[in-house]
Amino acid sequence: MPEPVFGRLLTAMVTPMTPDGEVDLERAAQLAARLVDDQRNDSVLVNGTTGESPTTSDEEKSALVRAVVGAVGDRAQVITGVGTNDTRHTLELARQAADAGADGLLVVTPYYSKPPQAGLVDHFTRIADATDLPVMLYDIPGRTGTAIAPETLIALSEHPRIVAVKDAKGRVVESATVMASCDLAYYSGDDAITPALMAVGGVGVIGTSTHFTGRRMREFIDLFVAGHQDEALTVYREILPVLTGVFAAQGVVMVKAGLAHQGFPVGSVRSPLVAATGSQAATFGALLDGARL
């Protein structure tokens, strides 16, 4: 089994915003501490899609890494998203992340341009060569338009710094085939399929609902790894409504509504996203109140 390079429980953290729409670094530090100290995360992922990376500047991304490293870097790893659809820009972000103190890089498949598999190998290899940081590939064809083929993942696993995959492909058998052929550490990129992915060799989850379910997800993972599958399944079923309910709209939208409901407001979202409707916020708040978290 591969080593869980970044631990087993990670959260793709939302980016707090001030009332005038600027990145709130102080609140970001507080939220990261909440995820690590209260929700029991091994690592925090910043500047992912849930962190609104498409609408934050390079300077904001760097400042966010520094703020979160300063808040939790002595007790958790800080991973940062650097992927774009431009290899040169991604290289710049990777080097910037290393300078800011990140512990690892998340690199999404270049989107919209739909590069061939040879282009993916070149792109990911060049990013992995750019710094000394370990790299996690993000395979999410529903957003990018391009899946990373199994043979491509296996080939990329030979690079010493390409060590993990955030798997949001939804093809568990295909993922199992890759895991059987190499040592990439697989993390579920879809909260609700975590048990299925771990059953075929996955090491953990990079969650969105784990802003709220972290403690219970940690309980599930610990039970599962210890071989107590029945007890783990009980925990999973108790939190399943939250694992799926967080995606009633975009994850960041529902997380920000849920945090506000719990008395930990982190501001709104940047356009073109819009805040949760009153009905969406109320429904998700009721889910949070009714779950055993």
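These numbers were taken from a predicted model, which means no experiment stands behind them.

K.L.:
Explain the packing of helix α2 (residues 58-72) against helix α3 (residues 87-100) to me, please; I cannot follow it from the model alone.
P.N.:
In a packed pair of helices, the relevant descriptors are the angle between the two axes and the axis-to-axis distance. Viewed as axis vectors pointing N to C, α2 and α3 meet at an angle of 30 degrees, and their least axial separation amounts to 9 Å. Between α2 and α3, the angle falls in the class roughly parallel. Like other packed secondary-structure pairs, α2 and α3 cross with a definite hand, here right-handed. Facing D58, K61, S62, V65, R66 and V69 of α2, the residues of α3 in contact are H89, L93, Q96, D99 and A100.

K.L.:
Any chance you could explain the nonpolar core here in plain terms?
P.N.:
For soluble globular proteins, nonpolar side chains are generally found buried alongside one another. In this structure, M13, V68 and V72 are the most contacted members of the largest nonpolar core, which totals 62 residues. If you tally residues by element for this core, the top one is helix α1 (residues 25-38), at seven residues. If near-sequence neighbours (up to four positions away) are discounted, V72 is found in contact with A32, A33, V36 and V78. Listed in part, the 16 residues of the second largest apolar core include A12, V163, A185 and I206.

K.L.:
Is there a simple way to explain the pairing of strand β3 (residues 77-81) in this structure?
P.N.:
Every other side chain in a regular strand lies on the same face of the sheet, so the side chains alternate between the two faces. With respect to burial, β3 is a largely interior element, four of its five residues being buried. The pairing of strand β2 (residues 43-46) with β3 spans four bridges and is classified as parallel. Bridge pairing in β3 places V46 opposite T80. In this region the chain leaves β2, passes through α2 and returns to the parallel neighbour β3; the handedness of that crossover is right-handed. Where β3 meets strand β4 (residues 104-108), three bridges bridge the pair, whose relative direction is parallel.

K.L.:
Help me understand the side chain of Q39 in this model?
P.N.:
Within the element layout of this structure, Q39 appears in the loop between α1 and β2. A polar atom in the side chain of Q39 sits 3.2 Å from the side chain of D38. Of note is the side chain of Q39, whose polar atom sits 3.1 Å from the backbone nitrogen of R215. Here Q39 is in contact with L9, R34, T210, H211, F212, T213, G214 and R215, once residues within four sequence places are set aside.

K.L.:
Honestly, α3 in this entry has me stumped. Any pointers?
P.N.:
It helps to recall that an α-helix has 3.6 residues per turn; residues three or four apart then point in one direction. For α3, which comprises 14 residues, the first-to-last C-alpha distance of 20 Å matches the rise-based estimate of 20 Å (1.5 Å per residue) to within 8%. Within α3, burial applies to T87, T90, L91, L93, A94, A97 and A100. Buried positions along α3 lie against α2, β3, β4 and α4 (117-130). For α3, the capping residue at the N-terminal end is D86, with a side-chain oxygen 3.0 Å from the backbone nitrogen of R88. Positive phi appears at G101, one or two residues downstream of α3, with a value of about 100 degrees.

K.L.:
Explanation requested: the pattern of salt bridges in the structure shown.
P.N.:
Any two side chains of opposite charge can pair, given that their charged atoms come close. A complete count under the given rule lists 16 salt bridges for this structure. Ionic pairing is found between R218 and D42, a salt bridge with its closest N-O pair at 2.7 Å. With R218 in helix α9 (residues 210-225) and D42 in the loop between α1 and β2, this residue pair connects regions lying 176 residues apart in the sequence. Looking at R218, the relative accessible area reads 10%, which means it is buried. Sharing partners across several salt bridges, the network here consists of R40, D42, R218 and D222.

K.L.:
Hey, could you run me through the packing of α3 against α4 in this one?
P.N.:
Contact geometry of α3 with α4 gives a least axis separation of 9 Å together with a crossing angle of 25 degrees. Between α3 and α4, the angle falls in the class roughly parallel. With respect to the hand of their crossing, α3 and α4 are arranged in right-handed fashion. In this structure, α3 contributes T87, T90, L91, A94 and R95 to the contact, and α4 contributes H123, R126, I127 and A130. In the contact of α3 with α4, the residues fall into four nonpolar, three polar and two charged.

K.L.:
Quick question: what am I supposed to make of the UniProt feature "site: Part of a proton relay during catalysis" (unreviewed entry) in the protein chain here?
P.N.:
As recorded in UniProt, the feature "site: Part of a proton relay during catalysis" (unreviewed entry) lies at T49 and Y112. Position of T49 among the secondary structure elements: in the loop between β2 and α2. Residue class for T49 comes out partly exposed when judged on its relative accessible area of 32%. Inspection of the secondary structure assignment puts Y112 in the loop between β4 and α4.

K.L.:
Before we go on, may I ask you to explain the packing of aromatic side chains in this structure?
P.N.:
What characterises a pair of aromatic rings is the spacing of the ring centres plus the angle enclosed by the ring planes. In the structure shown here, the tally under the stated rule is three aromatic pairs. Between F212 and F284 the ring centres are 5.5 Å apart and the planes differ by 75 degrees, which places this aromatic pair in the edge-to-face class. Of the two residues, F212 sits in helix α9 while F284 sits in helix α12 (residues 278-290), which places them 72 residues apart along the sequence. With respect to burial, F212 and F284 carry one shared label: buried. With a centroid separation of 6.2 Å and an interplanar angle of 45 degrees, the aromatic rings of F220 and Y236 are classed as tilted. Of this pair, F220 sits in helix α9 while Y236 is found in helix α10 (residues 229-245), placing the two residues 16 residues apart along the sequence. For F220, a relative accessible area of 2% gives the class buried. What links up through ring pairs into an aromatic cluster is the set F220, F224 and Y236. Positioned above the aromatic ring of F264, the side-chain terminus of R27 is 3.7 Å from the ring centre. In this structure, R34 is placed above the aromatic ring of F264, and the distance from its NZ or CZ to the ring centre is 4.6 Å.

The rules behind each value
- Residues numbered from 1 in each chain as written.
- Predicted model: local features only at pLDDT ≥ 70, side-chain atom pairs only at ≥ 80, totals over all residues.
- Heavy atoms only, no water.
- Axes fitted to C-alpha atoms, helices over the stretch in contact; angles between N-to-C directions.
- Helix = DSSP H or I, 4+ residues; strand = E, 2+ residues; numbered from the N terminus.
- Parallel < 35°, antiparallel > 145°, perpendicular 65-115°, else oblique.
- Left-handed = near helix turned anticlockwise from the far one by under 90°.
- Contact = heavy atoms within 4.5 Å.
- Core = buried A, V, L, I, M, F, W, Y, C linked by side-chain atoms within 4.5 Å.
- Buried < 20%, exposed > 50% of the residue type's maximum accessible area, 1.4 Å probe, protein only.
- Pairing = 2+ DSSP bridges.
- Right-handed = clockwise from strand over helix to strand, strands pointing away.
- Polar contact = N/O pair within 3.5 Å; in protein donor to acceptor, adjacent residues only side chain to side chain.
- Expected span 1.5 Å × (residues − 1).
- Salt bridge = Lys/Arg side-chain N within 4 Å of Asp/Glu carboxyl O.
- Nonpolar A, V, L, I, M, F, W, Y, C, P; charged D, E, K, R; others polar.
- UniProt positions renumbered as here; feature names shortened; annotations may be inferred.
- Phe/Tyr/Trp six-rings, centres within 6.5 Å; stacked < 30°, edge-to-face > 60°.
- Lys NZ or Arg CZ within 6 Å of the ring centre and 35° of its normal.

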